[in-house]
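# Coordinate inspection notes
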Amino acid sequence: MRKLDHNKIEKKWQKIWEDADAFKVSNKVYLDRPDKKKFYLLEMFPYPSGKLHMGHVRNYAIGDTVARFMRRKGFDILYPMGYDAMGLPAENAAIKGNTAPAKWTEKCINDMVDQQKRLGLSYDWDRLVNTSSPDYYRWNQWIFLKLLEKGLAYRKKAAINWCPECNTTLANEQVESGKCWRCESKVEVKIKKQWYFKITDYADDLLDGLEEIKGWPDAVKIQQKNWIGKSSGAIIDFKLKDSKRIIPVFTTRPDTLYGSTFLLMAPTHPDIMEIVGDVAEEKKEKIKNFINKTVSASIEKKDIKDKNGIYLGVDAVNPLNGKTVPVYTANFVFMEYGTGAIMSVPAHDQRDYEFARKYDLDIIEVIRPDEGGYDGSAAYEGPGELVNSGEFNGLKADEAIKKITSYLKSQGTGRKSTQYKLRDWLISRQRFWGTPIPVIYCSSCGIVPVREDELPVRLPDDIEFSGVGNPLKTSKKFKEATCPKCGKTGKRETDTMDTFVDSSWYFLRYVNPKESTKPFVSEDVNRWLPVDQYIGGIEHAVLHLLYSRFFTRVLNDMGFVDFKEPFKNLLCQGMVLKDGAKMSKSKGNVVSPGDIIEKYGADTARLFTLFASPPVKDLEWSDSGVKGCYRFINKLWKLAAEECVHEKLTEKDDKEFEMLLNLTIKGVTEDIKEGFRLNTAIAKIMELVNSIKKLPAGTKIKRKGVEIAVSLLGPFAPHTSNEMWEMLSKKSRLDKADWPEYDKAVIKETKKTIELPVTINGKLRAKITVSEFDSKEKVLDMARSDERIKSFMEGSEIIKKIYVPGKIINFVIK
């Protein structure tokens, strides 16, 4: 009997697929089909580090399984791959190893392509996108110019991390314990003019759009909603004493304004050092040291348990009662909220209360509880009526908010305002390996955009990677440029764009990756998009996904695309763990995909990552689990090889097996198509194979069972499945064969239904009808989707799901 040689089989089929352009798809094929069965499937593209890890393998195995399934269901599949190739690692490699970032990146991409091809991934490789190519970042620059035209790109002052020794800006990741990662100098905070995209103009639209995305996990939508963070309140202007300068603060509680006894500013507020301009130098130095220390601590995401601050040496005037209040900067105030400055009411905000106690600041009660009095032992944050608030005494808080806001507006010192935690997108990076920002600074004309016909503004090749300063400033030929307006010599912007710009529209470029006159062809993009299924990690729930939604809306408003949401459905896969922890070199628990592929084969690696856990859950690595998947593939191989020796097959009826066969086809189809239940789909195939083993050899029913099992396994383990299919004397490739259909009549004859009680916290709330063959996941989904159950659980969190097959479901909620 022929032995399974996975290395030989994998090379054979990878060559067949490559020679046949097996997975290439045309943009025009969609036009020729009356049924318009298209499917755009996409995984979040990786940073080309040069080596795949098991998380990559799992991510790509999920996507490839669905792609292969959908092709065989008759869909035209757009399934591309690319590389998010700009960023800090390539620049660090250039500094350490004196290697040009472009050369380092190219090698890493080539290495990753080779590894991905070893996995048998069915990408349309002709559509490969590399964001570090001028052919790609040219269109980043084009989009920037379009945003600039619309007033959605602008410059303003912002705080940056600065290393005085290296004379360079540092990313947050480069600040370690408040020091520069390279020279260990103390990091300072500097204020610098930088470029922004005005994403806040789209805050409401981004928020409202979340309701329309039905195929996204609720957890992701909640994270985006919280990140946007809409709040209604008032902007109140506090004038600095003996000055014309104003500090605007945002508050949701203008009713407590009489109780504001001090102001707090975020340490990264760009106006702090101007506000303290006349303060003694010794005091200024203390303020600077406090700011540097505080910002460094917040970068490292330390919990802010101790409320610390420093008096700025200036006072402001409360616009309602005329009293002076001191102005501090504090470690628990952030630029991400409101205006970056808050009015502090210690009697009615616990954080302010703790700060006031620490720094011996006044605490004035202005909201009296409906029952009892205020004892001053802690902040009272509940409802009540106003006291110590002049003409507003006796008002309930809700009424006072309206009246005080109206009064402030009449005095020109306040106004109603809706604020967002969402801030405009800071895109400036003081680094080399990113997209050059296409503007020129001219002494006569000011900021002048580069003409579109002069794009791309290319990264120069005469760069010195010393680790000191911004590398682009070392290139004279890059810095000096002719002003497009007046023809004088100007200076190019030496900041580059945040690499999130690259990933905010790459899914559009895949449609026309070689188009040289525009970023994409709108007609083609409007046919393929939105992406039908997007797959990636939950860590991208906010920034990448939010920026992609923003870019798509901007392009929609400009008339380039006819949709606003880029991704219809989103799957966030779990991590791959070993010994309970995420795999990492520092923990010494890394498993090399290359080693697994070499020893057990690519199909085993794929099958294990899909079988060991549902895609949305974390997967715990198991050597015995890998061996188990390898044994299963060999078991089916042996069955297929044995079937090949029987030239004549005998008839044998087996209604029970026919029923199992049809139920397996139905179950596997539904598991893949409806819920990404890939682990249970594989379990069903394994059960089928165990039943096939019991059938007598040389019978038509056994041959049929083996063929169906091989066919169903095809998307999960494509190399060995295609080889077994060929062994079974099939003329066409398995990946070109139709997906097996089940006989509804056979299932109808055998199907039994059960009425299942559904309880919440032990109380009966509904009954649902299920099939005795429905999977646990399907039954739980049906229960959660029941309108009666949904109404009882609205606003609650499920903390436990209990399912006793055929007996009961209980949801424990809080």
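Residues numbered from 1 in each chain as written. Predicted model: local features only at pLDDT ≥ 70, side-chain atom pairs only at ≥ 80, totals over all residues. Heavy atoms only, no water.

## A closer look at the side chain of glutamine 224
Tracing the backbone shows glutamine 224 in helix H7 (residues 218-228). Ignoring anything within four residues of it in the chain, the contact list for glutamine 224 reads Leu210, Trp216, Ala541, Val542, Leu545, Leu546 and Arg549. (Helix = DSSP H or I, 4+ residues; strand = E, 2+ residues; numbered from the N terminus. Contact = heavy atoms within 4.5 Å.)

## Examining the nonpolar core
One finds Trp621 and Phe716 to be the most contacted residues of the largest nonpolar core, which totals 83 residues. Those residues in contact with phenylalanine 716 that sit more than four places away from it in its chain are Thr65, Arg606, Leu607, Leu610, Ile672, Leu678, Ala681, Ile682 and Ile685. Within the second largest apolar cluster, 78 residues are counted, among which are Ala90, Ala94, Leu508 and Phe551. (Core = buried A, V, L, I, M, F, W, Y, C linked by side-chain atoms within 4.5 Å. Buried < 20%, exposed > 50% of the residue type's maximum accessible area, 1.4 Å probe, protein only.)

## Considering a nonpolar patch on the surface
Taken together, the side chains of Ile802, Val804 and Ile808 present a nonpolar region at the surface, about 190 Å² in accessible area. We classify isoleucine 808 as partly exposed; its relative accessible area is 30%. (Patch = residues over 30% accessible without salt bridge, like charges linked within 9 Å, V, L, I, M, F, W, Y side chains within 5 Å. Areas by Shrake-Rupley, 256 points an atom, 1.4 Å probe, with all protein chains shown as cover. Salt bridge = Lys/Arg side-chain N within 4 Å of Asp/Glu carboxyl O.)

## Concerning the pairing of strand S24 (residues 489-492)
Looking down a regular strand, the side chains alternate between one sheet face and the other. For strand S21 (residues 439-442) and S24, the ladder comprises two bridges, and the chain directions are antiparallel. Bridging from a neighbouring strand, isoleucine 440 pairs with arginine 492 of S24. The sheet contact formed by strand S23 (residues 480-482) and S24 spans three bridges and is antiparallel. Looking at S24, one finds that threonine 482 is bridged to threonine 489. Linking S23 to S24, which pair antiparallel, is a turn of six residues; within it glycine 487 sits at a positive phi near 85 degrees. (Pairing = 2+ DSSP bridges.)

## Remarks on the sheet that holds strand S31 (residues 753-760)
Spatially, four strands are ordered S32-S31-S34-S33 in an open sheet, and the strand pairing comes out mixed. Strands with a single pairing partner mark the edges of an open sheet, and in this sheet they are strand S32 (763-771) and strand S33 (798-804). Averaged over all neighbouring strand pairs, the angle between strand axes comes to 20 degrees, with direction disregarded. (Axes fitted to C-alpha atoms, helices over the stretch in contact; angles between N-to-C directions.)

## Side note on the packing of helix H17 (residues 602-611) against helix H18 (residues 623-643)
One can describe the packing of H17 onto H18 by two numbers: an axis separation of 9 Å at closest approach and a directional angle of 120 degrees. Classed by the angle they form, the pair H17 and H18 counts as oblique. When you trace H17 past H18, the crossing you get is right-handed. Packed against H17, whose contacting residues are Asp603, Thr604, Leu607, Phe608 and Phe611, the element H18 presents Gly625, Val626, Cys629, Tyr630, Phe632 and Ile633 at the interface. Of the residues contributing to the contact of H17 with H18, the split by class is eight nonpolar, two polar and one charged. (Parallel < 35°, antiparallel > 145°, perpendicular 65-115°, else oblique. Left-handed = near helix turned anticlockwise from the far one by under 90°. Nonpolar A, V, L, I, M, F, W, Y, C, P; charged D, E, K, R; others polar.)

## What to know about the packing of aromatic side chains
For the structure shown, the criterion picks out 38 aromatic pairs. Ring centres of phenylalanine 45 and tyrosine 506 lie 3.6 Å apart, and the angle between their planes is 10 degrees; this geometry places the pair in the stacked category. In this pair, phenylalanine 45 is assigned in the loop between strand S1 (38-43) and helix H2 (54-72) and tyrosine 506 in helix H13 (residues 506-509), connecting sequence segments 461 residues apart. Tyrosine 506 shares its class with phenylalanine 45; the two are buried. Ring plane angle 75 degrees and centroid distance 6.1 Å describe the contact between tryptophan 139 and tryptophan 142, whose orientation is recorded as edge-to-face. Of this pair, tryptophan 139 and tryptophan 142 both sit in helix H5 (residues 134-149), three residues apart, which is roughly one turn of that helix. Between lysine 37 and the ring centre of phenylalanine 75, over which it is positioned, the NZ or CZ distance is 4.7 Å. Over the aromatic face of tyrosine 196 sits the side chain of lysine 156, whose NZ or CZ is 4.8 Å from the ring centroid. (Phe/Tyr/Trp six-rings, centres within 6.5 Å; stacked < 30°, edge-to-face > 60°. Lys NZ or Arg CZ within 6 Å of the ring centre and 35° of its normal.)

## A look at the packing of H18 against helix H20 (residues 678-693)
Where H18 meets H20, the axes come as close as 11 Å, and the angle between the chain directions of the two elements is 40 degrees. When the axis of H18 is compared with that of H20, the two are oblique. Like other packed secondary-structure pairs, H18 and H20 cross with a definite hand, here left-handed. Contacts between H18 and H20 pair Phe632, Lys635, Leu636 and Leu639 from the former with Ile685, Met686, Val689, Asn690, Ile692 and Lys693 from the latter. Taken together, the residues that form the contact of H18 with H20 break down as seven nonpolar, one polar and two charged.

## Overview of the pattern of salt bridges
Tallied over the entire structure, the rule returns 52 salt bridges. Taking the shortest distance from any N to any O, the salt bridge between glutamate 670 and lysine 666 comes out at 2.7 Å. With glutamate 670 and lysine 666 both in helix H19 (residues 655-675) and four residues apart, this pair spans about one turn of that helix. For the pair glutamate 670 and lysine 666, one class covers both residues: buried.

## Here's the deal with the sheet that holds S1
Spatially, four strands are ordered S2-S1-S26-S27 in an open sheet, and the strand pairing comes out parallel. One side of each edge strand has no neighbouring strand; the edge strands of this open sheet are strand S2 (76-78) and strand S27 (570-573). Between one strand axis and the next, the sheet turns by 20 degrees as a mean value, whatever way the strands run. Taken together, the three bridges between S1 and S2 define a ladder with parallel strand orientation. The residue bridging lysine 38 from the neighbouring strand is aspartate 76, located in S2.

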